[in-house]
Amino acid sequence: MVTGEALIAYRALLRATRKSFAGDTEMLKASASEIRKKFDENRHVASGSDITRLLEEAREATQFISTMIVQAKLNERGGYEVKASQDHAGATLELPSEEMLRKTTV
């Protein structure tokens, strides 16, 4: 059971990094290596509470990578562009309504 949960968490982390670092071979390799290292370091953890904590940390890391990391790309004008999706920070990407703007200026 725990092995299956750990494998699910491991794969979810790898998927999150592949999405967040798409096209950046160096970051993909480094993140995959770091994920593997962390899971290997904890391979022999036997305490149920420690396993639960580690699995929760893996889920939180997946969520963080998926929603908080956005890569900037150099554009042809020499500046950097960020193309965030709806996954990134959720509702904070929506344009504020007139009502929301009025509330913040009052």
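Residues numbered from 1 in each chain as written. Predicted model: local features only at pLDDT ≥ 70, side-chain atom pairs only at ≥ 80, totals over all residues. Heavy atoms only, no water.

For the protein chain, an unreviewed UniProt entry supplies the name Mitochondrial zinc maintenance protein 1, mitochondrial-like and the organism Camelina sativa. Per UniProt, the comment on the protein chain under Subcellular location (unreviewed entry) is "Mitochondrion matrix". (UniProt positions renumbered as here; feature names shortened; annotations may be inferred.)

Before going further, it helps to examine the packing of aromatic side chains. Between two aromatic rings, the relevant description is the distance of the centres plus the angle of the planes. Following the criterion strictly, the structure yields 1 aromatic pair and no others. Here the aromatic rings of tyrosine 10 and phenylalanine 39 are separated by 5.2 Å at their centres, their planes lie at 75°, and the arrangement is edge-to-face. Placement of tyrosine 10 in helix H1 (residues 2-20) and of phenylalanine 39 in helix H2 (residues 25-41) is noted, with a sequence separation of 29 residues between them. With a relative accessible area of 18%, tyrosine 10 lands in the buried category. With a relative accessible area of 23%, phenylalanine 39 lands in the partly exposed category. (Phe/Tyr/Trp six-rings, centres within 6.5 Å; stacked < 30°, edge-to-face > 60°. Helix = DSSP H or I, 4+ residues; strand = E, 2+ residues; numbered from the N terminus. Buried < 20%, exposed > 50% of the residue type's maximum accessible area, 1.4 Å probe, protein only.)

So, about the pattern of salt bridges. Side chains that differ in sign of charge can pair as their charged atoms come close. Applying the stated criterion across every chain, the model contains 8 salt bridges. Among the ionic pairs, arginine 53 bridges to aspartate 50, the shortest N-O distance being 3.9 Å. Taken together, the residues arginine 53 and aspartate 50, both in helix H3 (residues 48-68) and 3 residues apart, mark about one turn of the helix. Residue classification places aspartate 50 among the partly exposed positions, given a relative accessible area of 31%. By sharing partners, the salt bridges in this structure join Arg36, Asp40 and Arg43 into a single network. (Salt bridge = Lys/Arg side-chain N within 4 Å of Asp/Glu carboxyl O.)

So, on to the nonpolar core. The biggest cluster of nonpolar side chains holds 10 residues, and these are Ala9, Tyr10, Leu13, Leu14, Ala16, Ile35, Ile51, Leu55, Ala58 and Ile65. Of all elements in the fold, only H1 and H3 reach the threshold of two or more residues within this core. Of the residues forming this core, the biggest block, 5 residues, is contributed by H1. In contact with alanine 16, other than residues within four places in its own chain, are Thr62, Ile65 and Ser66. (Core = buried A, V, L, I, M, F, W, Y, C linked by side-chain atoms within 4.5 Å. Contact = heavy atoms within 4.5 Å.)

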